[in-house]
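Here are the chains, one letter per residue:
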Amino acid sequence: AVIRERQRLRSAADDPPPPPAEPVVLDVENHNWADVVLYVIHDGRQSRLTQVSAAHNVSLEIPPELQGQMGIIRIGVRRIGGRDSYLSQSLSIRGSQSVRLTIESNLTRSSVGVF
């Protein structure tokens, strides 16, 4: 029994590790007159992603560690110097997909899509 257990452990150690998750591209269009901070909510945690200047567009990657164990995230937006915010619905993302976030002047009218 000990020999079988050692063989099982040895074969498990020889298995290649799973491939790392691929980054997901996030394209942001900020139509707001203020700078905003973007957050990713994953696995019950909120992680700051980046800051986007007023009336600017940016493209960046959501790193694998912020994609959640099941690939389910939400994107949050907070206006700097204000109290308004936006929180997307839950998004199911996988590598090589892209997410488009459009931030409107009224944050509650912002929208997000996965492509």
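Residues numbered from 1 in each chain as written. Predicted model: local features only at pLDDT ≥ 70, side-chain atom pairs only at ≥ 80, totals over all residues. Heavy atoms only, no water.

Quick question: what am I supposed to make of the overall build of the chain here?
When helices and strands are tallied, the chain shows one helix and nine strands. Ordering the α and β elements of the chain from the N terminus gives α-β-β-β-β-β-β-β-β-β. Here the chain holds 115 residues, and the buried ones make up 34% of them. Contacts in the chain between residues far apart in sequence, at least 24 positions, make up 55% of those at least 6 positions apart. (Helix = DSSP H or I, 4+ residues; strand = E, 2+ residues; numbered from the N terminus. Buried < 20%, exposed > 50% of the residue type's maximum accessible area, 1.4 Å probe, protein only. Contact = heavy atoms within 4.5 Å.)

Can you help me understand the pattern of salt bridges in this one?
As a working rule, side chains carrying opposite charge can pair if their charged atoms are close by. One pass over the full model with this rule turns up two salt bridges. For arginine 100, the salt bridge goes to glutamate 29, with nearest N and O atoms at 2.6 Å. One end of the pair, arginine 100, is in strand β8 (residues 98-103); the other, glutamate 29, is in strand β1 (residues 24-30), with 71 residues separating them in the sequence. On the basis of relative accessibility, which here comes to 35%, the residue arginine 100 falls in the partly exposed class. A salt bridge links aspartate 84 to arginine 79, with the nearest nitrogen and oxygen atoms 2.8 Å apart. (Salt bridge = Lys/Arg side-chain N within 4 Å of Asp/Glu carboxyl O.)

Sorry, what's going on with the sheet that holds strand β4 (residues 57-62) here?
Hydrogen bonds along the backbone pair up the strands of a sheet, which may run parallel or antiparallel. A sheet is described by the order of its strands in space; here four strands give the open sequence β4-β1-β8-β9, paired in mixed fashion. The strands lining the two open edges of the sheet, one partner per strand, are β4 and β9 (111-114). Each neighbouring strand pair of the sheet contributes to a mean axis angle of 15 degrees, computed without reference to strand direction. Direction of pairing for β1 relative to β8: parallel, over a ladder of six bridges. Paired with valine 28 across the two strands is leucine 101, which belongs to β8. (Pairing = 2+ DSSP bridges. Axes fitted to C-alpha atoms, helices over the stretch in contact; angles between N-to-C directions.)

Please clarify how the nonpolar core should be interpreted in this entry.
Among soluble globular proteins, nonpolar side chains are generally buried collectively. By size, the foremost hydrophobic cluster in this structure holds 22 residues, and its most contacted members are Leu26, Leu38 and Leu101. Elements with a minimum of two residues in this core: β1, β2 (36-42), β3 (45-52), β4, β5 (72-79) and β8. Contacts of leucine 26, omitting those with residues within four sequence positions, involve Leu38, Leu49, Val58, Ser59, Leu60, Ile62, Ile75, Val99 and Leu101. (Core = buried A, V, L, I, M, F, W, Y, C linked by side-chain atoms within 4.5 Å.)

Would you take a moment to explain the packing of aromatic side chains for this structure?
A ring pair, where both rings are aromatic, is described by two values, the distance of the centres and the angle of the planes. In this structure the tally under the stated criterion is zero aromatic pairs. We note arginine 78 situated over the ring of tyrosine 39; from NZ or CZ to the ring centre the distance is 4.8 Å. (Phe/Tyr/Trp six-rings, centres within 6.5 Å; stacked < 30°, edge-to-face > 60°. Lys NZ or Arg CZ within 6 Å of the ring centre and 35° of its normal.)

Just to check I follow, could you spell out the environment of glutamine 46 for this structure?
Following the sequence through the fold, glutamine 46 ends up in strand β3. The sequence separation of glutamine 46 and leucine 66 amounts to 20 residues, and the corresponding C-alpha distance is 9.1 Å. Not counting residues up to four positions away in its chain, the partners in contact with glutamine 46 are Tyr39, Val40, Ile41 and Arg78.

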